[in-house]
Amino acid sequence: MNDIHTHLGVCAAEAARVARGVTREQLAAPSVCTDWTVGELANHLVLYSAHGLEHRALRERLPEELTARDFAADPDWAERYAAQLDRALAAWEGPGVWDGEIDLGFTAMPATVVASLLVKELAVHGWDLARSTGQDFEVPDPTGEFLLGVVAEHAEVYRGYDGFAAPVESAPDASAFSRALALSGRDPRR
């Protein structure tokens, strides 16, 4: 494996832990993501960070039945999410999965770039879910440094379609992960 796979595993484990901490009552509450409830945020996280992660490795598009599913409506959604993350991580262990490009439908990118963006998806929206439900989302320093690099490289593209808000200030002594969150428009100090 490689460092990106390690970071995927770290963020997947933390996202699964956070998902398990979400209560049924919290799903209808507003999330920190404008215009999304906690349940809608959970659905986005499940779809793109677990199913999307696996389908990208397999070079397959997400089927319409998955994009329309309300994952959080299932009482066991967090456990199913964790199991899907395990399948997705296993898919990134396949032969040749890190070679070549992955067709995203609107463009093709190197597999390593796609996997890096999926680490960002797990961490940033995992943090959103944690913050929305009174939990913490933490990653070790090497993963935080990696995420800071990914966010710095792609922030303006994400801002172009409102995926990221304007950057916020971070404390001078903030961790790399906190700086990545701030660069993505999230305020880790609140």
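Look up a bit, the structure's there.
Treat the numbers as computed from the prediction; the structure is a model and nothing was measured.

Cut-offs applied
- Residues numbered from 1 in each chain as written.
- Predicted model: local features only at pLDDT ≥ 70, side-chain atom pairs only at ≥ 80, totals over all residues.
- Heavy atoms only, no water.
- Phe/Tyr/Trp six-rings, centres within 6.5 Å; stacked < 30°, edge-to-face > 60°.
- Helix = DSSP H or I, 4+ residues; strand = E, 2+ residues; numbered from the N terminus.
- Buried < 20%, exposed > 50% of the residue type's maximum accessible area, 1.4 Å probe, protein only.
- Contact = heavy atoms within 4.5 Å.
- Axes fitted to C-alpha atoms, helices over the stretch in contact; angles between N-to-C directions.
- Parallel < 35°, antiparallel > 145°, perpendicular 65-115°, else oblique.
- Left-handed = near helix turned anticlockwise from the far one by under 90°.
- Nonpolar A, V, L, I, M, F, W, Y, C, P; charged D, E, K, R; others polar.

**Section: the packing of aromatic side chains**
The geometry of an aromatic ring pair is captured by the separation of the ring centres together with the interplanar angle, meaning the angle of the planes.
Working step 1: Under the definition given, this model contains 3 aromatic pairs.
Working step 2: When the centroid spacing of 6.0 Å and the interplanar angle of 40° are considered together, the rings of phenylalanine 137 and phenylalanine 177 count as tilted. Linking phenylalanine 137 in the loop between helix 5 (111-132) and helix 6 (141-160) with phenylalanine 177 in helix 7 (residues 176-183), this pair joins segments that are 40 residues apart in sequence.
Working step 3: The exposure class of phenylalanine 137 is buried, given its relative accessible area of 5%.
Working step 4: What makes phenylalanine 177 buried here is its relative accessible area of 8%.
Working step 5: For the pair tyrosine 158 and phenylalanine 164, a centre-to-centre distance of 4.7 Å together with 20° between the ring planes defines the contact as stacked. Each member of the pair, tyrosine 158 together with phenylalanine 164, is buried.

**So, the environment of leucine 147**
Working step 1: Within the element layout of this structure, leucine 147 appears in helix 6.
Working step 2: With relative accessibility at 1%, the residue leucine 147 sits in the buried group.
Working step 3: Along the primary structure leucine 147 and serine 178 are separated by 31 residues, whereas in three dimensions their C-alpha atoms are 9.8 Å apart.
Working step 4: When residues no more than four places from it in sequence are discounted, the contact partners of leucine 147 are Cys11, Val119, Lys120, Ala123, Val139, Phe177 and Ala180.

**A word on the packing of helix 1 (residues 3-20) against helix 5**
If you want to describe how two helices pack, look at the angle between their axes and the distance between the axes.
Working step 1: Where helix 1 meets helix 5, the closest approach of the two axes is 9 Å, and the angle between their N-to-C directions is 25°. Looking at the two axes, helix 1 sits roughly parallel to helix 5. Seen from above, helix 1 lies across helix 5 with left-handed handedness. Contacts from Ile4, His7, Leu8, Cys11, Ala12, Ala15, Val18 and Ala19 of helix 1 reach helix 5 at Thr112, Ala115, Ser116, Leu118, Val119, Leu122, Ala123, Gly126, Leu129 and Ala130.
Working step 2: Classifying every residue of the contact of helix 1 with helix 5 by side-chain character gives 14 nonpolar, 4 polar and no charged.

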